[in-house]
Each structure stands twice: as structure tokens, then as C-alpha cells.
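Residue-level structural notes
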Amino acid sequence: MYTGASLQAAQMLNHNNCEIAINWAGGLHHAKKFEASGFCYVNDIVIAILELLKYHPRVLYLDIDVHHGDGVQEAFYFTDRVMTVSFHKYGNLFFPGTGDMYETGAESGKYYSVNVPLKDGINDQAYGQLFSPIMQGVMDHFKPSCIVMQCGADSLGCDRLGCFNLTIDGHGECVKFMKKFNVPMMVLGGGGYTVRNVARCWTYETSLITGVDVPDDLPYSEYIEFFGPDYTLRPDTSRGIENQNSKQFLEQLKITTLENLSRLDHAPSVQMHEIPPDLASFTSYQELKENQSPDERETKAVTQSRVEPQNEYYDGDKDNDGESVDPVNWQCGM
């Protein structure tokens, strides 16, 4: 169900039905091609990105879960069409054990995997000082036509499995920062093991995405007792964990990451190709092709219903300069 929702979100973005699509049930970033991992059975993110790549030349994947987005990085480690960026806890055998800053991609994907490994206790201020310049550099160098953002809430303070000191406000600032680029975006959920704070976080970030102001005092409901003793939307979730990320460590991390981004000469281009059918409608597409007579032309309504991708410049099947080609004369070499 969660994978189907992410797939539908991708199709809505592909067909310009929305600017931002949200699926808080998605974001299961650990699943691999041949195995389940880390509470993740199917990697809905990878499937959604593959669907987006049918229309978008470059897709950016951003992960702010406390755990490294290893399944997504592994899927796109050798391509330059997807840049994966992950801010996560690394070291001391913390799951999944990947995400070192020197994991930068390979072959065509060299420098298209960006990892920001952090230590315990990072707070809003330190996180923001890294996040803003790094993501600005990513957007300037990669120039994505679509963004997929995984908003795992286990990077909040007080999470049962996490070890950061982020507040709901600090977590939300990341979403707000990415929204300002006005690039089509899919926003997904992910980890989060203090359930009441997960609900608070994603409610607040939904309000940021939709531009709706919501009061900080929670309205009365049958679940209100779960949110005591403060009964607010954005309580202070920071806790007394020492911030082990020194200023020198964070500065060196930022410098190294920006240097790697500077090695990208330009945003990669994509060859023009025929757009495959939408994955979810593949069965109906096959039935349509089987029932269609080869002697009948498509109706004008069907032809015009197709979405033309931004990188498509052909007017006809064999036309390079925007002029229509007579298929009969072309086949005869005239």
C-alpha cells in the first residue's frame, strides 16, 4: 500500500497534477533489491524515483532520517541521473553501518552520492549550519528537475532509537528550505519511534508544505492524553545529550562536501527517448495496444493527453529541427 502511494505520487508529479506530493507512510529507505532490511520490506523510494526518471532528467534524493539511506544509495550508486544526499548518524556500529563521507559514487555516478556523517547530540543550530550551504551547493551544481525528500522523524531528540537533539522546528526548517526552490517535490515519511513526536512532526511539516498556519495548542480529541503533559504541537524535544560535533569537525565536513560538489563540471544531460507507460497503468496500456487496429489513427484527444517532457524537442518521430516530417516520403528516402 505504501509503495503504491509513492508510485501514485510520482505519477501525479510526472503529469503535473500537483507541485508537492506527500506520502507519510512511505520512505522505507533500507530495503535492497534482494533483501529486506531495517524494518523495510519494499523500497518505495527507489520505485518512485524510477518512475520519475521517465519524465525528469535529474532527480535529487534527500534523506534527513537519523539512519543512512543505504538502500537508495545502493540503487543509484553508478548513475549521474540521481544524486543521493544523506544527513545521518555514523560510527560506533550504528545501523546500517554505511554512509561514510568518502562513499561518493562510482563510474558515471562518481560524486553523485553525498554523505554527511554526524555524531551524537547535534542540535538545530549546528545542523542548520551544515544543511543550508550543502543543499544550496547541491541545487546549484546538480540542478534537479524533481526532489524526493525522506523526512524520517527519528532524527528528533527524545526518539527511542535516535541520538540527535533536533527539535520539530529544526526538522521543519529543512523542509521549508527545500520548498523555497520551487522544484516539484515528493515528501515521504520514514523512521520515528516516539510515536507522539512523529505525529507532531509530520503534522507541522504538512502545514509548512501547504502554507497553512496551525495553532501550537492541540485541539481536544480522544487521543489528547498521548500528548501530555504539555499538549502542544511543537514541544522542546531536545535532551541532555552532549553535542559531540565540534565546530572544527563540522567545518571540515562542510568543506570536503562542497569540494566534492565542485568536481561536477555541469548538470548531466539525458538523451531523448520514448517515454515508457506509467507503471501502475501498464496492464491497461497492454490491453489498449492489443485491441488497437494498426489501420486506425489515434484520436486527437488521446494524442494531446500525453505529457511532453521538458527535454523533448521533436515535433515528429524523425524530425530534428521542429518541422513535421512526411513519414511516407521519409521512408522512400525523398
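Quick summary incoming for the structure in this document.

Conventions and cut-offs
Residues numbered from 1 in each chain as written. Predicted model: local features only at pLDDT ≥ 70, side-chain atom pairs only at ≥ 80, totals over all residues. Heavy atoms only, no water. Buried < 20%, exposed > 50% of the residue type's maximum accessible area, 1.4 Å probe, protein only. Helix = DSSP H or I, 4+ residues; strand = E, 2+ residues; numbered from the N terminus. Pairing = 2+ DSSP bridges. Core = buried A, V, L, I, M, F, W, Y, C linked by side-chain atoms within 4.5 Å. Contact = heavy atoms within 4.5 Å. Polar contact = N/O pair within 3.5 Å; in protein donor to acceptor, adjacent residues only side chain to side chain. Salt bridge = Lys/Arg side-chain N within 4 Å of Asp/Glu carboxyl O. Expected span 1.5 Å × (residues − 1).

Moving on to the pairing of strand E1 (residues 20-23). Burial along E1 is one-sided: Ala-21 and Asn-23 are buried, and none of Ile-20 and Ile-22, which face the opposite way, are. Where E1 meets strand E6 (residues 185-188), four bridges bridge the pair, whose relative direction is parallel. When the bridges of E6 are listed, Ile-20 appears paired with Met-185.

A few words now on the nonpolar core. Counting residues in each nonpolar core, the largest one holds 51 residues, and the members touching the most others are Leu-60, Met-83, Tyr-127, Phe-131, Met-135 and Met-178. Discounting residues that sit within four places of it in the chain, Tyr-127 has contacts with Ile-64, Phe-87, Leu-118, Ile-122, Phe-164, Leu-166 and Cys-174. Grouped together as the second largest cluster of nonpolar side chains are 19 residues, Ala-9, Leu-52, Tyr-61 and Val-82 included.

Residue Pro-96 follows Phe-95 across a cis peptide bond; omega there is 0°. Along the chain, Pro-96 falls in the loop between strand E3 (82-89) and strand E4 (113-118). The linkage connecting Gly-228 with the following residue, Pro-229, adopts the cis geometry, with an omega of 5°. Tracing the sequence through the fold places Pro-229 in the loop between helix H6 (195-210) and helix H7 (247-262).

By the element assignment, Ser-145 lies in the loop between helix H4 (124-142) and strand E5 (146-150). For Ser-145, a relative accessible area of 12% corresponds to the buried category. One polar contact links Ser-145 to His-56, side chain to side chain, over a distance of 3.3 Å. Apart from the residues within four sequence positions on either side, Ser-145 is in contact with His-56, Pro-57, Arg-58, Val-183 and Pro-184.

Moving on to the pattern of salt bridges. One pass over the structure, following the stated rule, counts eight salt bridges. The partner of Glu-51 in a salt bridge is Lys-54, and the shortest N-O contact between them spans 2.9 Å. Looking at Glu-51, the relative accessible area reads 1%, which means it is buried. The partner of Asp-120 in a salt bridge is Lys-89, and the shortest N-O contact between them spans 2.8 Å. Of this pair, Asp-120 sits in the loop between E4 and H4 while Lys-89 sits in strand E3; the two residues are 31 residues apart in sequence, bridging distant segments of the chain.

With twelve residues, helix H5 (residues 168-179) should reach 16 Å at 1.5 Å per residue; the first-to-last C-alpha distance of 17 Å fits that figure. Burial in H5 covers these residues: Ile-168, Gly-170, His-171, Gly-172, Cys-174, Val-175, Phe-177 and Met-178. Packed against the buried residues of H5 are strand E2 (59-63), H4, E5, E6 and H6.

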